[in-house]
Amino acid sequence: MKKIGSIVFLGTLIFLQASSQDNTKSHRALKPNIIIIYADDLGYGDLSCYGMKKIQTPNIDHIAKEGLLFTNAHTTSATCTPSRFGLLTGRYPWRQNGTGVAPGDAALIVPLDRGNLASTLHTAGYKTAVIGKWHLGLGTDEGIDWNTRIKPGPKELGFDYSFIMPATLDRVPCVFLENQRVVNLDSKDPITVSYKNKIGNDPTGKENPEMLRYQPDPTQGHNQTIVDSISRIGWMSGGHSAYWKDEDIAATITDKTIQFMERNAAAPFFVYFATGDIHVPRYPDSKFRGKSGMGMRGDAILQLDYTVGKIEEALRHLHLTDNTLIIISSDNGPVVNDGYFDQSVEQLGDHKPAGDLRGGKYSIFEGGTRVPFIVKWPGKVKAGEKTDALLSQVDLFASLNALVGQGLKEADAPDSYNQLEALLGNDKKGRDYVIEHSGGFAITKGDWKYIVPNTMRAYNKDVNIETGNDVKPQLYDLKNDRGEHYNLAEKYPALVKKLASLIEQSKGEVKTRK
Ligand code: NG6
Ligand code: CA
């Protein structure tokens with residue numbers, strides 16, 4: 001009896017395995033539309049489907065209900081530029097110099113001589129777009145002329161269409177670029193940008209604080225050129241007719257995304273939709289201002305959720321819901337005061353933006369790199385489930401290329417592993433290990449997290465965030481101590497050694513895999 005039972009069991013297993021392989025093959029043939037909605041500075045605890053209590057995010061929760069919610073998905077880094085680099089290139093950003101937070105006049109940092117997510121999906125027959133925050137530099141080392149078509153940029157990287165904010169919302173130039181040209185630019189009022197010294201006669205936050213909607217935190221700068229009543233990092237002159245209005249950004253980029261979807265409803269499309277929410281400066285539409293009871297940061301979360309609802313609604317109208325894979329995630333952990341006194345600190349109450357994780361943006365603790373990550377693809381991705389599978393955004397490159405049947409050149413994405421089965425919800429384990437970076441290094445493998453000792457500051461008082469840096473090695477048992485409070489490094493020296501050498505080995509791989 002027992003034997004027959006196990007034969008039946010084995011048979012079922014083989015059948016299940018075979019059918020899951022068939023599924024993978026048929027997914028390949030399908031080429032669903034792919035939309036990555038990439039929020040900015042959204043923390044692990046900032047959505048109601050991840051435990052946010054103070055406000056509700058019904059549209060994102062709905063996606064989680066119909067899709068798969070990851071509890072252990074990571075960005076490559078604890079800030080924006082490197083995480084975006086990792087996502088698009090499938091390569092850890094720390095392998096390349098100059099991938100830290102980019103000024104608004106930085107040259108393009110994404111290599112043109114390797115594949116990236118846009119170029120490979122383009123080759124696979126996708127219409128590709130980036131809409132929203134770019135922050136990966138533009139043009140060459142010779143500097144950017146903002147008054148012409150700027151290249152290289154998204155197009156040269158494989159995006160058929162782009163509508164972008166060049167850097168962060170708090171960095172000049174505060175203008176949109178459509179297909180690499182400034183939108184609404186008056187040629188008689190050309191744009192110049194400098195991050196070195198003041199240029200032009202436009203008012204600055206430093207000289208004209210009375211013109212500001214809210215004040216920058218004096219410990220953090222952000223007191224240079226004023227655009228739309230907010231002072232920014234960096235100086236710009238000219239381009240007045242092209243200035244964006246902060247309260248219109250979300251609606252503008254959402255409209256551009258929907259229009260792109262409409263134009264390409266017949267083709268498979270890939271949209272990398274990088275919202276400005278909830279990065280500073282926060283000034284959402286009047287529909288949301290004052291509505292969260294949590295200051296501008298909470299209001300911006302409401303706006304983000306509304307945006308997601310709009311994208312879903314457009315998919316429904318276009319009858320594309322079933323054939324579209326949506327991923328929602330964030331580029332790094334949360335920060336409340338990132339440079340402006342916008343009442344987000346005062347009105348935070350007992351909300352914990354990083355949930356039960358320690359640290360936040362800029363931090364090597366989990367709060368810096370473990371982010372919300374939700375995948376939905378009706379009928380293909382497991383619905384209404386949670387998974388603890390270990391995933392890094394660096395894996396999207398290999399996984400999505402596997403999904404669409406696009407072969408991968410090894411040099412293109414050396415750190416990207418095909419985690420398609422984890423994305424679909426079939427594999428509950430995911431990666432063997434992942435490396436996290438925020439100036440310092442850490443590794444998560446199974447239940448263990450090891451942080452390499454370093455001498456950088458342990459606490460960033462400007463933003464009120466524990467960085468996780470320590471001169472001592474740190475080892476945490478994430479299964480029993482997700483908050484990383486009990487350092488077990490002294491208790492398990494052999495494990496520390498093993499994890500330390502895995503990091504070193506990964507760093508070395510760059511030489512052999514290039
Ligand atoms: C920091 C800025 C911060 C923000 C961040 C980038 C200061 C003191 N702080 O340097 O305001 O712009 O860079 O954020 O300048 S990110 O999400 O794009 O990485
Ligand atoms: Ca960010």
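Scroll up a little and you will see the structure.
The rules behind each value
- Residues numbered from 1 in each chain as written.
- Chains lettered and ligands numbered in written order.
- Predicted model: local features only at pLDDT ≥ 70, side-chain atom pairs only at ≥ 80, totals over all residues.
- Heavy atoms only, no water.
- Helix = DSSP H or I, 4+ residues; strand = E, 2+ residues; numbered from the N terminus.
- Rg over C-alpha atoms; globule rule 2.2 N^0.38 Å.
- Buried < 20%, exposed > 50% of the residue type's maximum accessible area, 1.4 Å probe, protein only.
- Contact = heavy atoms within 4.5 Å.
- Areas by Shrake-Rupley, 256 points an atom, 1.4 Å probe, with all protein chains shown as cover.
- Lys, Arg positive; Asp, Glu negative; His and termini not counted.
- Charge placed at Lys NZ, Arg CZ, Asp CG, Glu CD.
- Core = buried A, V, L, I, M, F, W, Y, C linked by side-chain atoms within 4.5 Å.
- Polar contact = N/O pair within 3.5 Å; in protein donor to acceptor, adjacent residues only side chain to side chain.
- Pairing = 2+ DSSP bridges.
- Axes fitted to C-alpha atoms, helices over the stretch in contact; angles between N-to-C directions.

Peer 1: An account of the overall build of the protein chain is requested, with residue identities and associated values reported.
Peer 2: Each helix and strand counted, the protein chain has eleven helices and 22 strands in total. Here the C-alpha radius of gyration of the protein chain, 23 Å, is about what a compact globule of 514 residues would show, namely 24 Å. Along the longest, intermediate and shortest principal axes, the C-alpha atoms of the protein chain span 85 × 55 × 50 Å. Considering the protein chain as a whole, with its 514 residues, one finds that 60% of them fall into the buried category. If you take every contact in the protein chain between residues at least 6 apart in sequence, the share linking residues at least 24 apart comes to 72%. For the protein chain, the exposed surface amounts to about 20,400 Å²; the carbon and sulfur share of it is 53%. For the protein chain, the centre of its 61 positive side-chain charges and the centre of its 61 negative side-chain charges are spaced 5 Å apart.

Peer 1: Give me the lowdown on the environment of Leu 420, citing residues and values where you can.
Peer 2: Secondary-structure assignment places Leu 420 in helix H10 (residues 420-424). Classification of Leu 420 as buried rests on a relative accessible area of 4%. For the pair Leu 420 and Ala 402, spaced 18 residues apart in the sequence, the C-alpha separation amounts to 7.2 Å.

Peer 1: Go over unusual backbone geometry, please, and point to the residues and values.
Peer 2: Note the cis peptide between Val 172 and Pro 173, where omega equals 0°. Following the sequence through the fold, Pro 173 ends up in the loop between strand S5 (161-165) and strand S6 (177-178). A cis amide bond, omega 15°, links Asp 277 with the succeeding residue Ile 278. Mapped onto the secondary structure, Ile 278 falls in the loop between strand S12 (269-274) and helix H7 (295-317). At His 319, a position not held by glycine, the phi torsion is positive, near 60°. If you trace the backbone, His 319 turns up in the loop between H7 and strand S13 (324-330).

Peer 1: How would you summarise the nonpolar core if you had to cite specific residues and measurements?
Peer 2: Ile 34, Ile 36, Trp 134, Tyr 272 and Ile 374 are the most contacted members of the largest nonpolar core, which totals 110 residues. Setting aside residues no more than four positions away along its own chain, Trp 134 makes contact with Arg 84, Leu 88, Leu 108, Pro 154, Leu 157, Phe 159, Ile 164, Met 165, Pro 166 and Ala 167. Counting 17 residues, the second largest nonpolar core, distinct from the first, contains Tyr 433, Ala 489, Leu 499 and Leu 502.

Peer 1: Give me the side chain of Thr 324: which residues, what numbers.
Peer 2: In this fold, Thr 324 is placed in strand S13. A distance of 3.2 Å separates the side chain of Thr 324 from the side chain of Asn 33, its partner in a polar contact. In contact with Thr 324, other than residues within four places in its own chain, are Asn 33, Ile 35, Leu 315, Lys 376, Trp 377 and Pro 378.

Peer 1: Which residues make up the pairing of strand S4 (residues 127-133), and what values go with them?
Peer 2: Along any regular strand, the residues point their side chains to alternate faces of the sheet. Burial of S4 is extensive: six of the seven residues sit out of reach of the surface. Inspection of the sheet shows S4 paired to S12 by six bridges, in the parallel sense. Of the residues in S12, the one forming a bridge with Ala 129 is Val 271. Pairing between S4 and S5: five bridges, direction parallel.

Peer 1: How would you explain the sheet that holds S4 if you had to name every residue and give the values?
Peer 2: An order of S7-S6-S5-S4-S12-S1-S13-S14-S2-S15 is seen for the ten strands of this open sheet, with the pairing classed as mixed. Looking along the sheet, the strands with just one partner apiece sit at the ends: strand S7 (181-182) and strand S15 (385-387). Of the strands in this sheet, strand S2 (68-70), S13 and strand S14 (373-376) touch helix H2 (residues 58-66), which is tilted by about 60° from S14.

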